[in-house]
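Fold and contact review
Below are the chains, spelled out letter by letter.
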Amino acid sequence: MRFSIFYEHQLPRPWDDGAEARIIHEALEQVQLADKLGFSTVWEVEHHFLEEYSHSSAPEVFLSACAATTESIRIGHGIVPVLPGYNHPARVAERIGTLDIISGGRVEFGTGETSSDMELGGFGIERADKRAMWEEAVPEIAKMMAQSPYEGHTGKFFSMPARNVVPKSVSG
């Protein structure tokens, strides 16, 4: 049996001075303890504009700190919204590659569409398009992480010329 920990950094109001810093630093301490106790994975979501539900808008920064201060716990994105207007596919591939290098090959990459109208509307994404955007982006991200150079893509929701998307993951 494996145990993991999962963070959204929920912070109900009222917020006092230092509340956001406290929740992040306490989570980092928990991750370091979980690593020492043999937990399998730390998972971090990505959400935007959800004030009390999640203060996790830059998970790659939090996960990098986790990777740099632990030895064996796997580092998981659960999930990275890969809708091109939300996170450009090339930026996702670059973030995953960099995090994998920092962690020594411990990254778990989870993707998704997101479901919150607050988030979708904040990035100007139509709910009706989100599944098709995700379906277009995911295989292209995999190619970007594997191909040197990436062959490029012309699609409905994003296009990109051939480029070498770097850095590449150390684990594959």
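Above this text sits the structure in question.
Residues numbered from 1 in each chain as written. Predicted model: local features only at pLDDT ≥ 70, side-chain atom pairs only at ≥ 80, totals over all residues. Heavy atoms only, no water.

Counting buried positions along strand β3 (residues 74–81) yields six of eight residues, so the element is predominantly enclosed. The sheet contact formed by strand β2 (residues 41–44) and β3 spans four bridges and is parallel. By the bridge assignment for β3, Trp43 is matched with Gly76. Between β2 and its parallel partner β3, the chain crosses via helix α2 (residues 59–68), and the hand of that crossover is right-handed. (Buried < 20%, exposed > 50% of the residue type's maximum accessible area, 1.4 Å probe, protein only. Helix = DSSP H or I, 4+ residues; strand = E, 2+ residues; numbered from the N terminus. Pairing = 2+ DSSP bridges. Right-handed = clockwise from strand over helix to strand, strands pointing away.)

Right, let's talk about the sheet that holds strand β4 (residues 107–112) for a bit. Here four strands make up an open sheet; going across it, the order is β1-β2-β3-β4 and the pairing parallel. In the strand order of this sheet, the two ends are held by β1 (4–7) and β4, each with one partner. Between one strand axis and the next, the sheet turns by 20° as a mean value, whatever way the strands run. Where β1 and β2 come together, four bridges link them in parallel fashion. Each bridged residue has a counterpart across the sheet, and for Ser4 the counterpart in β2 is Thr41. Across the sheet, helix α1 (residues 19–37) lies against β1 and β2, angled at about 170° from β1, the strand it touches most. (Axes fitted to C-alpha atoms, helices over the stretch in contact; angles between N-to-C directions. Contact = heavy atoms within 4.5 Å.)

Turning to helix α5 (residues 130–146), a few remarks are in order. A rise of 1.5 Å per residue sets the reference length of α5, with its 17 residues, at 24 Å; its end C-alpha atoms lie 25 Å apart and thus fit the reference within 8%. Taken residue by residue, α5 has Lys130, Met133, Glu136, Ala137, Glu140, Ile141 and Met144 as its buried positions. Against α3 (89–103), β4, α4 (117–122), β5 (153–154) and β6 (159–160) lie the buried residues of α5. (Expected span 1.5 Å × (residues − 1).)

This part takes up the environment of Glu113. Within the secondary structure, Glu113 is located in the loop between β4 and α4. Placed 17 residues apart in sequence, Glu113 and Lys130 show a C-alpha to C-alpha distance of 6.0 Å. Apart from the residues within four sequence positions on either side, Glu113 is in contact with Ile79, Leu83, Leu120, Lys130, Arg131 and Trp134. At a separation of 2.6 Å, a polar atom in the side chain of Glu113 contacts the side chain of Lys130. (Polar contact = N/O pair within 3.5 Å; in protein donor to acceptor, adjacent residues only side chain to side chain.)

A cis amide bond links Arg13 with the next residue in sequence, Pro14, at an omega value of 5°. Between Val166 and Pro167 the backbone carries a cis peptide bond, its omega angle lying at 5°. By the element assignment, Pro167 lies in the segment after β6. You will see that Phe49, though not glycine, has its phi angle at about 70°, which is positive. Note on placement: Phe49 falls in the loop between β2 and α2. For Phe49, a relative accessible area of 44% corresponds to the partly exposed category. With a phi close to 75°, Thr114 is a non-glycine residue in the positive phi region. Residue position: Thr114 is located in the loop between β4 and α4.

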